[in-house]
Amino acid sequence: MTIKYNSSGTQIWATRYAHTSNLNDAPVKLIVQYPLGQPQCVTVTGAVQTGTTAYSVGAIKYNCSTGAQITATITSGGSSGINQVFDMVNDATGNIYIAGAIPVTGQGNNFCIIKLNTSLAVAWQQTYNGSANLDDMAKGIQVDASGNVYVTGYSTTTSQGTNFVTLKYNSAG
């Protein structure tokens, strides 16, 4: 559920999202966007259950004034396990960047970085698997003024435990 309150604490609107009845959705983060040349909106991201043991990354965009859903997208990810979302940011033009983890058979979890355009269509998606084929989790994401994407998290090794990992992608992924 996403709720908007005014500065006095009075509820303005409340909107529910359910990808599939009787399954679970887990919102993680929301951002209020002021994209150039577009109406103000709120985008919410998290994991949506798509099957008994399968989750995918979901993003929903709402009109800030009314709470009406503008658009939503569910990314295709791993076929089982949980696609985890940990962070989300936007750039000045309204693109959304999501960082999390995706399960891959024989590799544990891998970094998952997704760029969505203003319509929430996937512009690009990248994954990163550390050298040990153990869990790698993208925990934070930022975008600079040139559109470069910085992702940080950890990679698990057999001899050193977990280590910091920071990756940089250009605007094309």
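In the block above lies the structure referred to throughout.
Quantities reported herein were computed from a predicted structural model and do not represent experimental measurements. (Residues numbered from 1 in each chain as written. Predicted model: local features only at pLDDT ≥ 70, side-chain atom pairs only at ≥ 80, totals over all residues. Heavy atoms only, no water.)

Novice: I would appreciate a short explanation of the sheet that holds strand β7 (residues 84-90) in the present structure.
Specialist: Spatial ordering of the open sheet is given by β7-β8-β9-β10, a layout of 4 strands whose pairing is antiparallel. Of all strands in the sheet, those with a lone pairing partner are β7 and β10 (122-128), marking the two edges. Neighbouring strand axes in the sheet, compared pairwise and without regard to direction, differ in orientation by 20° on average. Two elements, strand β8 (residues 96-104) and strand β9 (residues 108-116), share 9 bridges in a ladder whose sense is antiparallel. For proline 103, the partnering residue across the bridge sits in β9 and is asparagine 109. (Pairing = 2+ DSSP bridges. Helix = DSSP H or I, 4+ residues; strand = E, 2+ residues; numbered from the N terminus. Axes fitted to C-alpha atoms, helices over the stretch in contact; angles between N-to-C directions.)

Novice: I'm lost on the pairing of β9 in this one. Help?
Specialist: For a regular strand, side-chain orientation follows a simple rule: the groups alternate between the two sheet faces. For β9, a buried count of 8 out of 9 residues is recorded, marking the element as mostly surrounded by other parts of the structure. Hairpin connection of β8 to β9: 3 residues between the antiparallel strands, including glycine 106 at a positive phi of 80°. One ladder, built from 6 bridges, connects β9 with β10; its direction is antiparallel. Directly across from leucine 116, in β10, lies its bridge partner valine 122. Between β9 and β10, which pair antiparallel one after the other, the connecting turn spans 5 residues, and leucine 120 there sits at a positive phi close to 70°. (Buried < 20%, exposed > 50% of the residue type's maximum accessible area, 1.4 Å probe, protein only.)

Novice: Hey, could you run me through the packing of aromatic side chains in this one?
Specialist: Given two aromatic rings, one states the distance between the centres and the angle between the planes to describe the pair. Scanning the model with the defined rule gives 3 aromatic pairs in all. Taking the centre distance of 5.4 Å and the plane angle of 70° together, the rings of phenylalanine 111 and tyrosine 128 count as edge-to-face. Placement of phenylalanine 111 in strand β9 and of tyrosine 128 in strand β10 is noted, with a sequence separation of 17 residues between them. Owing to a relative accessible area of 0%, phenylalanine 111 belongs among the buried residues under this scheme. Since its relative accessible area comes to 26%, tyrosine 128 is described here as partly exposed. Look at tryptophan 124 and tyrosine 169: their rings are 5.9 Å apart centre to centre, the planes differ by 40°, and that puts the pair in the tilted class. Of the two residues, tryptophan 124 is situated in strand β10 and tyrosine 169 in strand β13 (residues 161-169); the sequence distance between them amounts to 45 residues. (Phe/Tyr/Trp six-rings, centres within 6.5 Å; stacked < 30°, edge-to-face > 60°.)

Novice: I keep staring at a nonpolar patch on the surface and nothing clicks. Help me out?
Specialist: A surface patch of nonpolar side chains, amounting to about 300 Å² of accessible area, comprises Met1, Ile3 and Tyr5. Looking at the secondary structure, you find isoleucine 3 in strand β1 (residues 2-5). (Patch = residues over 30% accessible without salt bridge, like charges linked within 9 Å, V, L, I, M, F, W, Y side chains within 5 Å. Areas by Shrake-Rupley, 256 points an atom, 1.4 Å probe, with all protein chains shown as cover. Salt bridge = Lys/Arg side-chain N within 4 Å of Asp/Glu carboxyl O.)

Novice: Would you explain the environment of isoleucine 70 in this entry?
Specialist: Within the secondary structure layout, isoleucine 70 lies in strand β6 (residues 69-74). Residue classification places isoleucine 70 among the partly exposed positions, given a relative accessible area of 47%. Taking C-alpha positions, isoleucine 70 is 9.6 Å from threonine 43, a pair spaced 27 residues apart along the chain. Every residue in contact with isoleucine 70, bar those within four places of it in the chain, is listed here: Cys41, Lys61, Tyr62 and Asn63. (Contact = heavy atoms within 4.5 Å.)

Novice: Explanation requested: the nonpolar core in the structure shown.
Specialist: Soluble globular proteins tend to pack their nonpolar side chains together in the buried interior. Grouped together as the largest cluster of nonpolar side chains are 14 residues, with contacts concentrated most on Tyr97, Phe111, Ile113, Ile141, Val149, Val151 and Tyr169. Where this core is concerned, the elements lending two or more residues are β8, β9, β11 (136-143), β12 (149-157) and β13. Leave out the neighbours within four places in its chain, and valine 149 touches Tyr97, Ile113, Trp124, Ile141, Gln142, Val143, Leu167, Lys168 and Tyr169. Membership of the second largest hydrophobic core comes to 12 residues, among which are Ile31, Val57, Ile96 and Ile98. (Core = buried A, V, L, I, M, F, W, Y, C linked by side-chain atoms within 4.5 Å.)

Novice: Explain unusual backbone geometry to me, please; I cannot follow it from the model alone.
Specialist: Most peptide bonds take the trans form, and the phi angle of most residues other than glycine is negative. Non-glycine residue leucine 120 carries a positive phi angle of around 70°. Among the secondary structure elements, leucine 120 is positioned in the loop between β9 and β10. If you check the backbone angles, asparagine 133 has positive phi at about 55° while not being a glycine. Relative to the assigned elements, asparagine 133 resides in the loop between β10 and β11. Among the residues examined, asparagine 133 registers a relative accessible area of 35% and is labelled partly exposed.

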